[in-house]
Amino acid sequence: MADITGDQRIQSEVLEGLATAVNHRRWFVELALPYLGDNPIEIGSGLGDYAIEWAEHLPRFTATEADPDRLVLLKERMADYPNIDVRQMLLPSADANGEYSAAVSYNVLEHIEDHVGALRSMADLVRPGGRVIIIVPAFMFAMSQVDIATGHIRRYTKKTMRAAMEDAGLQIEKLHYANALGLIGYYGATSIFKLAPKEGPMVKVYDSLVLPVTKAAESVMKPPFGQSVFVVARTPA
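Keep in mind it's a predicted model, so treat the numbers as computed, not measured.

Chemist: How do you make sense of the overall build of the protein chain when you look at a structure like this?
Modeler: In terms of regular secondary structure, the protein chain is built from nine helices and seven strands. Radius of gyration (C-alpha) of the protein chain: 17 Å, near the 18 Å computed for a compact globule of 237 residues. Once the C-alpha set of the protein chain is aligned to its principal axes, its extents read approximately 45 × 40 × 35 Å. The burial tally for the protein chain puts 54% of its 237 residues in the buried class. For the protein chain, contacts bridging at least 24 residues in sequence account for 75% of all contacts bridging at least 6. Carbon and sulfur atoms provide 57% of the accessible area of the protein chain, an area that totals close to 10,900 Å². Once the 23 positive and 29 negative side-chain charges of the protein chain are each reduced to a mean point, those two points are 6 Å apart.

Chemist: In this structure, what is going on with the packing of aromatic side chains? I would like to understand it.
Modeler: Aromatic ring pairs are defined here through the distance separating the ring centres and the angle between the ring planes. Tallied over the full model, the rule gives nine aromatic pairs. Taken together, a centroid distance of 6.0 Å and an interplanar angle of 25° make the contact between W54 and F61 stacked. Among the residues examined, F61 registers a relative accessible area of 0% and is labelled buried. One aromatic cluster in this structure is built from W27, F28, Y50, W54, F61 and Y106.

Chemist: Explain the side chain of T150 to me, please; I cannot follow it from the model alone.
Modeler: Considering the arrangement of structural elements, one finds T150 in the loop between α6 (145-149) and α7 (158-167). By relative accessible area, which is 6% here, T150 ends up buried. A polar side-chain atom of T150 sits 3.1 Å from the main-chain carbonyl oxygen of D147.

Calculation criteria
- Residues numbered from 1 in each chain as written.
- Predicted model: local features only at pLDDT ≥ 70, side-chain atom pairs only at ≥ 80, totals over all residues.
- Heavy atoms only, no water.
- Helix = DSSP H or I, 4+ residues; strand = E, 2+ residues; numbered from the N terminus.
- Rg over C-alpha atoms; globule rule 2.2 N^0.38 Å.
- Buried < 20%, exposed > 50% of the residue type's maximum accessible area, 1.4 Å probe, protein only.
- Contact = heavy atoms within 4.5 Å.
- Areas by Shrake-Rupley, 256 points an atom, 1.4 Å probe, with all protein chains shown as cover.
- Lys, Arg positive; Asp, Glu negative; His and termini not counted.
- Charge placed at Lys NZ, Arg CZ, Asp CG, Glu CD.
- Phe/Tyr/Trp six-rings, centres within 6.5 Å; stacked < 30°, edge-to-face > 60°.
- Polar contact = N/O pair within 3.5 Å; in protein donor to acceptor, adjacent residues only side chain to side chain.

If you want it as C-alpha coordinates, here you go:
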(Lines give C-alpha, C1' and ligand atoms only; values in the text may rest on other atoms or scores of the structure.)
Protein backbone atom coordinates (compact mmCIF):
# COMPACT_ATOMS: atom_id res chain seq x y z
CA MET A 1 0.00 0.00 0.00
CA ALA A 2 1.15 3.51 -0.78
CA ASP A 3 1.69 6.22 1.78
CA ILE A 4 -0.72 9.15 1.94
CA THR A 5 1.40 12.04 0.71
CA GLY A 6 1.01 15.70 1.58
CA ASP A 7 -0.15 17.79 4.49
CA GLN A 8 -3.62 16.49 5.36
CA ARG A 9 -4.64 19.81 6.98
CA ILE A 10 -3.76 21.79 3.85
CA GLN A 11 -5.47 19.20 1.66
CA SER A 12 -8.65 19.57 3.74
CA GLU A 13 -8.51 23.37 3.48
CA VAL A 14 -8.18 23.18 -0.31
CA LEU A 15 -11.03 20.65 -0.53
CA GLU A 16 -13.27 22.89 1.58
CA GLY A 17 -12.43 25.88 -0.60
CA LEU A 18 -13.08 24.04 -3.85
CA ALA A 19 -16.38 22.70 -2.48
CA THR A 20 -17.77 26.21 -3.00
CA ALA A 21 -16.96 26.06 -6.74
CA VAL A 22 -20.34 24.57 -7.59
CA ASN A 23 -20.27 25.23 -11.35
CA HIS A 24 -16.81 23.71 -11.67
CA ARG A 25 -17.90 20.57 -9.82
CA ARG A 26 -21.06 20.14 -11.88
CA TRP A 27 -19.07 20.44 -15.10
CA PHE A 28 -16.68 17.72 -14.00
CA VAL A 29 -19.60 15.59 -12.74
CA GLU A 30 -21.08 15.78 -16.24
CA LEU A 31 -17.80 14.74 -17.89
CA ALA A 32 -17.71 11.36 -16.12
CA LEU A 33 -21.43 10.58 -15.85
CA PRO A 34 -21.90 8.89 -19.26
CA TYR A 35 -19.17 6.36 -18.46
CA LEU A 36 -19.96 5.37 -14.85
CA GLY A 37 -22.42 2.54 -15.49
CA ASP A 38 -24.73 1.24 -12.74
CA ASN A 39 -22.32 0.57 -9.86
CA PRO A 40 -19.11 2.64 -9.91
CA ILE A 41 -16.46 3.17 -7.25
CA GLU A 42 -14.71 6.47 -6.61
CA ILE A 43 -11.08 6.42 -5.45
CA GLY A 44 -10.31 9.31 -3.11
CA SER A 45 -13.73 10.80 -2.42
CA GLY A 46 -12.46 13.49 -0.05
CA LEU A 47 -15.48 15.30 1.40
CA GLY A 48 -17.87 13.41 -0.90
CA ASP A 49 -19.08 16.31 -3.03
CA TYR A 50 -18.66 14.48 -6.35
CA ALA A 51 -20.01 11.22 -4.91
CA ILE A 52 -23.25 12.85 -3.80
CA GLU A 53 -23.90 14.40 -7.21
CA TRP A 54 -23.03 11.23 -9.15
CA ALA A 55 -25.13 9.06 -6.83
CA GLU A 56 -28.23 11.13 -7.64
CA HIS A 57 -28.19 9.48 -11.09
CA LEU A 58 -27.21 5.94 -10.07
CA PRO A 59 -28.75 3.01 -8.19
CA ARG A 60 -25.53 2.33 -6.26
CA PHE A 61 -22.24 4.12 -5.65
CA THR A 62 -19.14 3.37 -3.55
CA ALA A 63 -17.07 6.21 -2.12
CA THR A 64 -13.58 5.62 -0.70
CA GLU A 65 -10.99 7.56 1.22
CA ALA A 66 -7.42 6.77 2.33
CA ASP A 67 -6.96 9.28 5.13
CA PRO A 68 -8.49 7.89 8.37
CA ASP A 69 -9.73 11.26 9.68
CA ARG A 70 -11.44 12.19 6.42
CA LEU A 71 -12.85 8.65 6.22
CA VAL A 72 -14.71 9.23 9.48
CA LEU A 73 -16.14 12.52 8.19
CA LEU A 74 -17.06 10.89 4.89
CA LYS A 75 -18.95 8.08 6.63
CA GLU A 76 -20.83 10.59 8.77
CA ARG A 77 -21.84 12.65 5.75
CA MET A 78 -22.88 9.64 3.65
CA ALA A 79 -25.10 8.21 6.38
CA ASP A 80 -27.95 10.20 4.82
CA TYR A 81 -27.47 8.61 1.38
CA PRO A 82 -28.61 4.95 1.43
CA ASN A 83 -27.31 4.15 -2.07
CA ILE A 84 -23.73 5.22 -1.21
CA ASP A 85 -21.37 2.71 0.42
CA VAL A 86 -18.16 3.97 2.06
CA ARG A 87 -14.89 2.06 2.46
CA GLN A 88 -11.24 2.81 3.12
CA MET A 89 -8.84 2.25 0.22
CA LEU A 90 -5.23 2.98 -0.60
CA LEU A 91 -3.71 2.45 -4.02
CA PRO A 92 -2.00 0.37 -5.27
CA SER A 93 -4.24 -2.30 -3.71
CA ALA A 94 -4.44 -6.08 -3.88
CA ASP A 95 -8.25 -5.87 -3.98
CA ALA A 96 -9.19 -7.30 -7.37
CA ASN A 97 -12.87 -8.19 -7.05
CA GLY A 98 -13.88 -6.82 -10.45
CA GLU A 99 -17.44 -6.08 -9.31
CA TYR A 100 -17.73 -2.41 -10.25
CA SER A 101 -18.99 -0.95 -13.52
CA ALA A 102 -16.31 1.79 -13.45
CA ALA A 103 -13.61 3.32 -11.27
CA VAL A 104 -13.45 7.10 -11.17
CA SER A 105 -10.76 9.20 -9.50
CA TYR A 106 -10.39 12.97 -9.57
CA ASN A 107 -7.12 14.64 -8.56
CA VAL A 108 -5.70 11.60 -6.78
CA LEU A 109 -3.27 9.90 -9.18
CA GLU A 110 -0.79 12.79 -8.93
CA HIS A 111 -0.29 11.92 -5.23
CA ILE A 112 0.77 8.30 -5.91
CA GLU A 113 4.37 7.36 -6.67
CA ASP A 114 3.43 4.13 -8.45
CA HIS A 115 0.71 5.62 -10.59
CA VAL A 116 0.80 2.78 -13.12
CA GLY A 117 0.29 0.30 -10.28
CA ALA A 118 -2.59 2.44 -9.02
CA LEU A 119 -4.22 2.39 -12.47
CA ARG A 120 -3.83 -1.39 -12.64
CA SER A 121 -5.48 -1.65 -9.21
CA MET A 122 -8.37 0.50 -10.41
CA ALA A 123 -8.74 -1.69 -13.49
CA ASP A 124 -8.83 -4.80 -11.28
CA LEU A 125 -11.78 -3.33 -9.38
CA VAL A 126 -13.78 -3.01 -12.61
CA ARG A 127 -15.69 -5.57 -14.64
CA PRO A 128 -14.16 -6.63 -17.98
CA GLY A 129 -14.87 -3.90 -20.51
CA GLY A 130 -15.67 -1.32 -17.82
CA ARG A 131 -14.17 2.13 -17.60
CA VAL A 132 -11.45 3.88 -15.62
CA ILE A 133 -12.12 7.63 -15.53
CA ILE A 134 -9.41 10.02 -14.37
CA ILE A 135 -8.88 13.75 -13.91
CA VAL A 136 -5.41 14.98 -12.95
CA PRO A 137 -3.72 18.41 -12.87
CA ALA A 138 -1.92 19.41 -16.07
CA PHE A 139 1.56 20.71 -16.95
CA MET A 140 4.64 20.58 -14.76
CA PHE A 141 5.36 24.28 -15.29
CA ALA A 142 2.30 24.95 -13.08
CA MET A 143 3.73 22.89 -10.20
CA SER A 144 3.58 25.32 -7.27
CA GLN A 145 4.14 25.34 -3.53
CA VAL A 146 0.43 24.52 -3.20
CA ASP A 147 0.98 21.35 -5.24
CA ILE A 148 3.98 20.38 -3.13
CA ALA A 149 2.21 21.11 0.18
CA THR A 150 -0.78 19.01 -0.83
CA GLY A 151 1.44 16.09 -1.86
CA HIS A 152 1.49 16.31 -5.65
CA ILE A 153 4.35 14.28 -7.08
CA ARG A 154 3.68 15.25 -10.69
CA ARG A 155 1.39 17.05 -13.09
CA TYR A 156 0.46 15.50 -16.44
CA THR A 157 0.21 16.16 -20.15
CA LYS A 158 -1.90 14.17 -22.58
CA LYS A 159 1.29 12.37 -23.62
CA THR A 160 2.32 11.30 -20.10
CA MET A 161 -1.24 10.30 -19.23
CA ARG A 162 -1.50 8.21 -22.38
CA ALA A 163 1.77 6.47 -21.51
CA ALA A 164 0.60 5.67 -17.96
CA MET A 165 -2.71 4.27 -19.20
CA GLU A 166 -1.08 2.13 -21.86
CA ASP A 167 1.52 0.83 -19.37
CA ALA A 168 -1.38 -0.19 -17.13
CA GLY A 169 -2.94 -2.18 -19.99
CA LEU A 170 -5.89 0.19 -20.49
CA GLN A 171 -7.35 1.25 -23.84
CA ILE A 172 -7.98 5.00 -24.10
CA GLU A 173 -11.40 6.08 -25.39
CA LYS A 174 -11.29 9.80 -24.60
CA LEU A 175 -8.37 12.06 -23.69
CA HIS A 176 -8.35 15.85 -23.62
CA TYR A 177 -7.47 18.95 -21.62
CA ALA A 178 -10.15 20.75 -19.64
CA ASN A 179 -10.50 24.24 -18.20
CA ALA A 180 -8.02 26.29 -20.21
CA LEU A 181 -8.75 29.57 -18.44
CA GLY A 182 -8.48 27.75 -15.13
CA LEU A 183 -4.84 26.90 -15.87
CA ILE A 184 -4.02 30.55 -16.47
CA GLY A 185 -5.79 31.57 -13.27
CA TYR A 186 -4.22 28.79 -11.23
CA TYR A 187 -0.71 29.58 -12.43
CA GLY A 188 -1.17 33.29 -11.70
CA ALA A 189 -2.66 32.71 -8.25
CA THR A 190 -0.30 29.99 -7.00
CA SER A 191 2.99 30.64 -8.80
CA ILE A 192 2.96 34.44 -9.15
CA PHE A 193 0.85 35.65 -6.22
CA LYS A 194 1.58 32.62 -3.97
CA LEU A 195 -2.08 32.09 -3.03
CA ALA A 196 -3.88 28.84 -2.22
CA PRO A 197 -7.25 28.01 -3.84
CA LYS A 198 -9.25 28.43 -0.63
CA GLU A 199 -12.81 29.59 -0.15
CA GLY A 200 -13.14 33.30 -0.82
CA PRO A 201 -13.94 35.97 -3.44
CA MET A 202 -11.37 34.69 -5.95
CA VAL A 203 -12.95 31.23 -6.11
CA LYS A 204 -16.47 32.67 -6.27
CA VAL A 205 -15.67 35.09 -9.10
CA TYR A 206 -13.92 32.35 -11.08
CA ASP A 207 -16.77 29.88 -10.56
CA SER A 208 -19.62 32.29 -11.32
CA LEU A 209 -18.14 34.33 -14.17
CA VAL A 210 -15.13 32.62 -15.77
CA LEU A 211 -16.12 28.97 -15.52
CA PRO A 212 -19.40 29.17 -17.51
CA VAL A 213 -17.61 30.89 -20.41
CA THR A 214 -14.85 28.29 -20.38
CA LYS A 215 -17.31 25.37 -20.27
CA ALA A 216 -19.34 26.77 -23.16
CA ALA A 217 -16.26 27.32 -25.32
CA GLU A 218 -14.84 23.87 -24.61
CA SER A 219 -18.14 22.18 -25.46
CA VAL A 220 -17.56 23.43 -29.01
CA MET A 221 -13.81 22.85 -29.32
CA LYS A 222 -11.32 21.13 -27.02
CA PRO A 223 -8.43 23.44 -26.06
CA PRO A 224 -4.70 22.72 -26.64
CA PHE A 225 -4.04 23.16 -22.90
CA GLY A 226 -5.97 23.18 -19.64
CA GLN A 227 -5.81 23.05 -15.89
CA SER A 228 -6.69 19.35 -15.97
CA VAL A 229 -6.30 16.26 -18.12
CA PHE A 230 -9.49 14.19 -18.51
CA VAL A 231 -9.24 10.58 -19.66
CA VAL A 232 -11.60 7.66 -20.06
CA ALA A 233 -10.10 4.23 -20.66
CA ARG A 234 -11.60 0.76 -21.04
CA THR A 235 -10.44 -2.35 -19.18
CA PRO A 236 -9.67 -5.50 -21.23
CA ALA A 237 -12.85 -7.37 -22.19
